[in-house]
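# Observations on the model geometry
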Amino acid sequence: SLESYYKELVAKTTNFNTRKEIAFVYNYENARYLYNQARYKDAIPYLEETWQQKPTNQDAATLMINTLSQLGSNQFQSEEYSKRLMEYAAKFQSLSENNLFNGLLASSLLAQQAIQFEGNKATEGEVYRKKLEAYEKQ
C-alpha cells in the first residue's frame, strides 16, 4: 500500500530535509485526495501533519481553510467547531494571519455568541463576545 511504502521510504531516508519534504508531500496529497472526495473530516489529520512540516505553505493553508470551511457548512453552529477553529488559530500562527481563516473564525464566534444570547444564556454569550473581541485585537 502507499502508506507502507511511505513509512519504509521515510525510515530509510537519513537526510532530515528530504524526510520532511517526503512527509509534507505524502500528507498534503492524501489530504487533497480526501478533500476532493468530500471526506473533509478524514482529511484533517493529514492537514495537521502537513502544517507540522511546512506551517507557512500557501497551498496547505488554502486546503486547510477550504476543508474547515466545508466542515463548517455542516457544523457552523456547533460549539465544538468554534473551539476547533480557536485551537488551530493558537496552534498554527501562520493560519491566524490568513484573512479567510480569520473571517471563518470570527463568523463562528459571532454565531456562538448569538446562539447563547438567544438561548437566554447571557453568561455564555458574554464569553463568546470576549473571545471575539480578544481575537480581533490580535
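Here, every reference points to the structure presented above.
An account of the accompanying structure is given in this report.

Conventions used here
- Residue indices begin from 1 for each chain and proceed along its sequence in written order.
- The model is predicted, so local features are restricted to residues of pLDDT at least 70 and side-chain atom pairs to those at 80 or more, both for listing and for counting; the totals for chains, interfaces and linings are taken over all residues.
- Hydrogens and water are ignored here; the side-chain numbers use all heavy atoms of the structure.
- Secondary structure counts use DSSP, requiring at least four H or I residues in a row for a helix and at least two E residues in a row for a strand, with both numbered from the N terminus.
- Residue contacts follow a heavy-atom distance rule, with two residues in contact if any of their heavy atoms lie within 4.5 Å.
- To be clear on the numbers: accessible area is Shrake-Rupley with a 1.4 Å probe, and residue cover counts the displayed protein chains and nothing else.
- Here, nonpolar core means buried Ala, Val, Leu, Ile, Met, Phe, Trp, Tyr and Cys residues that are tied together by side-chain atoms lying within 4.5 Å of each other.
- Only protein chains enter the accessibility calculation, which uses a 1.4 Å probe; a residue is then buried when its area is under 20% of its type maximum, exposed when over 50%, and partly exposed in between.
- Axis definition: a line fitted to C-alpha atoms, limited for helices to the stretch in contact. Angles are taken between N-to-C directions and run from 0 to 180 degrees.
- Crossings are sorted by hand: turned counterclockwise from the far helix by less than a right angle, the near helix makes the crossing left-handed, and turned clockwise it makes it right-handed.
- Nonpolar residues are Ala, Val, Leu, Ile, Met, Phe, Trp, Tyr, Cys and Pro. Charged residues are Asp, Glu, Lys and Arg, and all others, Gly as well, are polar.
- By convention, a stacked pair of Phe, Tyr or Trp rings (six-membered ring in the case of Trp) has centres within 6.5 Å and planes under 30 degrees apart, an edge-to-face pair has planes over 60 apart, and any other such pair is tilted.
- Here, a charge over a ring is recorded when the distance from Lys NZ or Arg CZ to the ring centre is within 6 Å and its angle to the ring normal is within 35 degrees.

### Considerations on the overall build of the protein chain
On a plain count of helices and strands, the protein chain comes out with seven helices and zero strands. Reading the secondary structure of the protein chain in the N-to-C direction produces α-α-α-α-α-α-α. If you line up the protein chain on its principal axes, its C-alpha atoms span 60 × 30 × 20 Å. When contacts within the protein chain are restricted to residue pairs at least 6 apart in sequence, long-range pairs at least 24 apart make up 49% of them. Of the roughly 8400 Å² of accessible surface on the protein chain, 49% is carried by carbon and sulfur atoms.

### Some details on the nonpolar core
Counting residues in hydrophobic clusters, the biggest one holds 30 residues, and the most contacted among them are Met64, Leu68, Tyr88, Leu95 and Phe101. Going through the elements one at a time, helix 2 (16–36), helix 3 (40–53), helix 4 (58–75), helix 5 (79–91), helix 6 (99–118) and helix 7 (122–137) are the ones with two or more residues in this core. Listed in part, the five residues of the second largest apolar core include Val10, Ile22, Ala23 and Tyr26.

### Side note on the packing of helix 5 against helix 6
Two elements in contact, helix 5 and helix 6, have axes whose closest approach is 9 Å; the angle formed by their N-to-C orientations is 145 degrees. For the crossing formed where helix 5 meets helix 6, the hand is left-handed. On the side of helix 5, the interface is formed by Glu79, Tyr81, Ser82, Leu85, Met86, Tyr88 and Ala89, while helix 6 contributes Phe101, Leu104, Leu105, Ser108, Leu109, Gln112 and Gln116. Considered class by class, the residues forming the contact of helix 5 with helix 6 number nine nonpolar, four polar and one charged.

### Brief notes about the packing of aromatic side chains
Applying the stated rule across the entire model yields six aromatic pairs. Seen in terms of ring centroids, Tyr6 and Tyr26 are 3.7 Å apart; in terms of plane orientation they differ by 5 degrees. Their pairing is stacked. Here Tyr26 lies in helix 2 and Tyr6 lies in helix 1 (residues 2–12), a separation of 20 residues in the sequence. Per residue, the accessibility class of Tyr6 equals that of Tyr26, and both read buried. An aromatic cluster is defined as three or more aromatic residues linked by ring pairs; in this entry it consists of Tyr6, Tyr26 and Tyr46. Lying over the aromatic face of Phe24, Lys54 brings its terminal NZ or CZ to 4.5 Å of the ring centre. Above the ring of Tyr128, the side-chain terminus of Lys131 is found at 4.9 Å from the ring centroid.

### Overview of unusual backbone geometry
In the Ramachandran plot, Ala38 falls in the positive-phi region, its phi being about 60 degrees despite a non-glycine side chain. Looking at Ala38, the relative accessible area reads 47%, which means it is partly exposed. Of note, Asn120 is a non-glycine position whose phi angle comes to about 55 degrees, a positive value. Here Asn120 is to be found in the loop between helix 6 and helix 7. Note on Asn120: relative accessible area 73%, which makes it exposed.

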